[in-house]
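Listed here are the chains, written in short residue letters.
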Amino acid sequence: MRRRVLLGSVGLALVLAAAGCGGGGSKSSSGGTSASGGTPAGAAAVPADAPAFLTANLDFNSDAWKQLLTLARKFPSIETALKNEQDKLAKKGKSFGKDIQPVLGSEGDLAFLALKKQDFVIVLKPTDSSKLDSLFSTSGTPPARADVNGFTVLAPQQSSIDAAKNATSHLSDDQAFKDGIGALSGDDLIRFYGAGPAIQEALKARLAKGGTIPGTTTKLPTNLGGNTKLVWVSAGAAPATGGIRIDGAAKLDPAPKTQTYTPALPGDFASGALLYVSFAHLDGLLNQALNSSTNSSLNQQLAQAEAALGFSIKNDLIPLFAGEAGVAVYPGAAGSKRTFVFALKVSDEGKAKDVFGKIAKLVGGLGGGATTVNVPGVGEATEIKSSKSSIFFAVFNGKLVISNSTDGLKSVAGGGNQNLADDPLYKAAADGAGLSDTNGFLYVNLQDGASLFGSLLKSSSSGTSSTLKANAGALQSALFSIAQDGSIFRLRGFLGVK
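Everything numeric here is computed off the predicted structure, so don't read it as measured data.

To continue, consider the overall build of the chain. A count of helices and strands for the chain gives 16 helices and 18 strands. Out of the 498 residues belonging to the chain, those deemed buried represent 43%. Within the chain, counting contacts between residues at least 6 apart in sequence, those at least 24 apart form 67% of the total. Accessible surface, the chain: about 24200 Å² in total, of which carbon and sulfur atoms supply 55%.

Among the residues making up helix H7 (residues 175-182), those that are buried are Phe 177, Gly 180 and Ile 181. Taken end-on, H7 shows its buried residues confined to a sector of 95 degrees, consistent with a single buried face. For H7, the N-terminal capping position is held by Asp 174, with its side-chain oxygen 3.3 Å away from the main-chain nitrogen of Ala 176.

Across a regular strand the side chains alternate sides, sitting on one face of the sheet and then on the other. Judged from the 6 bridges that link them, strand S6 (residues 190-195) and strand S7 (residues 229-240) form a sheet pairing that is antiparallel. Bridged to Tyr 193 within S7 is Ser 234. Here S7 runs beside strand S8 (residues 243-253); their pairing, made up of 11 bridges, is antiparallel. Note on S8: the bridge partner recorded for Leu 230 is Leu 252.

To continue, consider the nonpolar core. If you look at the biggest cluster of nonpolar residues, it comprises 29 residues, and the most contacted ones within it are Phe 269, Tyr 276, Leu 409, Tyr 443 and Leu 479. Those elements that place two or more of their residues in this core are strand S10 (324-330), strand S11 (339-345), strand S14 (390-396), helix H14 (424-433) and strand S16 (440-445). The biggest single contributor to this core is H14, with 5 residues. Counting 28 residues, the second-largest nonpolar core is a separate cluster that includes Phe 53, Val 148, Ala 155 and Ala 249.

Two side chains of opposite charge can pair, provided their charged atoms sit close to one another. With the rule as written, the count across this model stands at 9 salt bridges. Asp 247 is the partner of Arg 245 in a salt bridge, and the nearest nitrogen-oxygen pair spans 3.4 Å. Across the pair Asp 485 and Arg 490 runs a salt bridge whose closest N-O atoms are separated by 3.2 Å. By relative accessible area, which is 21% here, Arg 490 ends up partly exposed.

A word on the environment of Val 327. Structurally, Val 327 is set in strand S10. Along the chain, Val 327 and Val 401 lie 74 residues apart, while their C-alpha atoms are 9.8 Å from each other. The residues contacting Val 327, other than those within four sequence positions of it, are Leu 275, Tyr 276, Val 277, Phe 279, Val 341 and Phe 342.

In this section: the side chain of Ser 477. Along the chain, Ser 477 falls in strand S17 (residues 475-485). Engagement of the side chain of Ser 477 in a polar contact is seen with the backbone oxygen of Leu 425, the distance being 3.5 Å. With near-sequence residues (within four places) excluded, Ser 477 lies in contact with Leu 425, Ala 429, Tyr 443, Val 444, Leu 446, Phe 494, Leu 495 and Gly 496.

This part takes up helix H4 (residues 96-104). A large share of H4 lies buried, amounting to 7 of its 9 residues. Taken together, the buried positions of H4 are occupied by Phe 96, Asp 99, Ile 100, Gln 101, Pro 102, Val 103 and Leu 104. Within two residues after H4, Gly 105 carries a phi angle of roughly 75 degrees, on the positive side.

Within a pair of aromatic rings, the relevant descriptors are the distance that separates the centres and the angle that separates the planes. Enumeration according to the criterion identifies 9 aromatic pairs in this entry. In textbook terms, an aromatic cluster arises when at least three aromatic residues are bridged by ring pairs, as seen for Phe 269, Tyr 276, Tyr 426, Phe 441 and Tyr 443. It is Lys 125 that lies over the ring of Phe 151; its NZ or CZ is 5.0 Å from the centre.

Attention shifts here to the pairing of S16. With respect to burial, S16 is a largely interior element, 5 of its 6 residues being buried. One ladder, built from 6 bridges, connects S16 with S17; its direction is antiparallel. Residue pairing in the sheet places Asn 445 in a bridge with Ser 477 of S17.

For the rest of this paragraph, the subject is unusual backbone geometry. For the bond from Asp 253 to Pro 254, the omega torsion is -5 degrees, close enough to zero to count as cis. Residue Asn 149 is not a glycine yet carries a positive backbone phi of 50 degrees. By the secondary structure assignment, Asn 149 is in the loop between strand S4 (144-148) and strand S5 (151-155). Even without being a glycine, Asn 397 presents a positive backbone phi close to 50 degrees. Note on placement: Asn 397 falls in the loop between S14 and strand S15 (399-403). Residue class for Asn 397 comes out exposed when judged on its relative accessible area of 55%.

Here we take up the environment of Leu 135. Checked against the element boundaries, Leu 135 lands in helix H5 (residues 129-137). Look at Leu 135 and you get buried, because its relative accessible area is 11%.

Per-residue pLDDT for the chain averages 83, and the proportion of residues at 70 or more is 82%. Averaged pLDDT values over the elements of the chain bottom out at 44 in helix H1 (residues 2-20) and peak at 97 in strand S9 (residues 275-280). Counted against residues more than four places away or in other chains, residues 1-6, with its pLDDT under 50, gives 18 contacts.

With that settled, consider the packing of H4 against H5. The N-to-C vectors of H4 and H5 enclose an angle of 115 degrees; their axes lie 8 Å apart at closest approach. Between H4 and H5, the angle falls in the class roughly perpendicular. Note on packing geometry: the crossing formed by H4 with H5 is left-handed. Contacts between H4 and H5 involve Lys 98, Ile 100, Pro 102 and Val 103 from the first element and Lys 131, Leu 132 and Leu 135 from the second. When the residues that make up the contact of H4 with H5 are grouped by side-chain class, the tally is 5 nonpolar, no polar and 2 charged.

Cut-off values and rules
Residues numbered from 1 in each chain as written. Predicted model: local features only at pLDDT ≥ 70, side-chain atom pairs only at ≥ 80, totals over all residues. Heavy atoms only, no water. Helix = DSSP H or I, 4+ residues; strand = E, 2+ residues; numbered from the N terminus. Buried < 20%, exposed > 50% of the residue type's maximum accessible area, 1.4 Å probe, protein only. Contact = heavy atoms within 4.5 Å. Areas by Shrake-Rupley, 256 points an atom, 1.4 Å probe, with all protein chains shown as cover. Arc of directions from axis to C-beta. Polar contact = N/O pair within 3.5 Å; in protein donor to acceptor, adjacent residues only side chain to side chain. Pairing = 2+ DSSP bridges. Core = buried A, V, L, I, M, F, W, Y, C linked by side-chain atoms within 4.5 Å. Salt bridge = Lys/Arg side-chain N within 4 Å of Asp/Glu carboxyl O. Phe/Tyr/Trp six-rings, centres within 6.5 Å; stacked < 30°, edge-to-face > 60°. Lys NZ or Arg CZ within 6 Å of the ring centre and 35° of its normal. pLDDT = per-residue confidence, 0-100. Axes fitted to C-alpha atoms, helices over the stretch in contact; angles between N-to-C directions. Parallel < 35°, antiparallel > 145°, perpendicular 65-115°, else oblique. Left-handed = near helix turned anticlockwise from the far one by under 90°. Nonpolar A, V, L, I, M, F, W, Y, C, P; charged D, E, K, R; others polar.

Right, here's the structure in full:
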């Protein structure tokens, strides 16, 4: 256990200490390792069947690390951790430049050899091996250690070292690993690779145990379903202007057929959204779900619903969902509830009015009724009343819009208000993530959305809640987009920091 704690200090705490010291000492160099971009050199010391691999560029004197440190110190918890590591080093009479940087080298790798057993190794290429010996000489029982293909490999247990020493093939030669790492941006400071089969099997085993989604009472599925296999997954991150850029990729076999689109609805929605979700081409998914249903009882219920509604779900309703759609949440006025808005681009306004008018009539008949109201800037809308609230929908300007308030309808009606696409917070996040053609994306206003996510904080312990709140104050916005590129799904994201 003591070796595990010590090794964790090398792999994690010492990195914090290094960053906290601002990268003093002599400037590190590549030293034969791949500190940024390309295949991580340390993968040559890791068995080819390692299911997970994390690599970090440890050139703390680089502009990228200095930029990351500036961002990190805006978070109270990270600033505290950095100071604690500085104090620990000072009490031991050590400094980063003299005692730590020569140990770390320019690249640090953490490889898990098994997901179930949590066996791992740390791979380093010290520029001064004697410093490594000195570091461990006064720190209790040293970790297991070996030299593998020119790299120093450390582990909390000898069996992990033996696996690295006895490996006949290595991760650096594995094509899936090279493809996964190669799919990431070359300037990422931190990169992760996961072997698809191992991750998929671990997930299946977890799902087989049942349980619920954390923080909810919703049951987890007992299987993944389908024949799609995850080949590999990778992710990376690096500092960028105003925040952290995140990219990722995953290869599926066979890959589902999806369609990307160029998001245009943010130009119709009003600015100030706390949350915005964009998607399109739902008709394909809905048709697939409808066609794959073998439940005779469900099919019978659908037939009865069609008879009551007076239209075909397959031929009349589902085709309406072929266009781009967006869901937004806006803060309510003082003392009022938040506003939820759903907007869908429709090519046939008449069809949309007819179909949703019939739905409103049926739903209204089950509750407080449906009435026609006039909304300034929108025109004629339908209000579906219930005992506690109302739902409004209208079709105008080529869109079907549904909201819990008339203000929600007006939020996509234009009229001179700044739109979401020009909202400074949204624009910074979209630009940072490089938002373009997408299969869908999520935007969150972290600066003004504390009330929206308050329930998540309340569900945690008071200590955790206060910590989250303190660190959340440094966040500004976030945007994550997914786009399919052949058999690979790519993630582009940005986390804005004040």
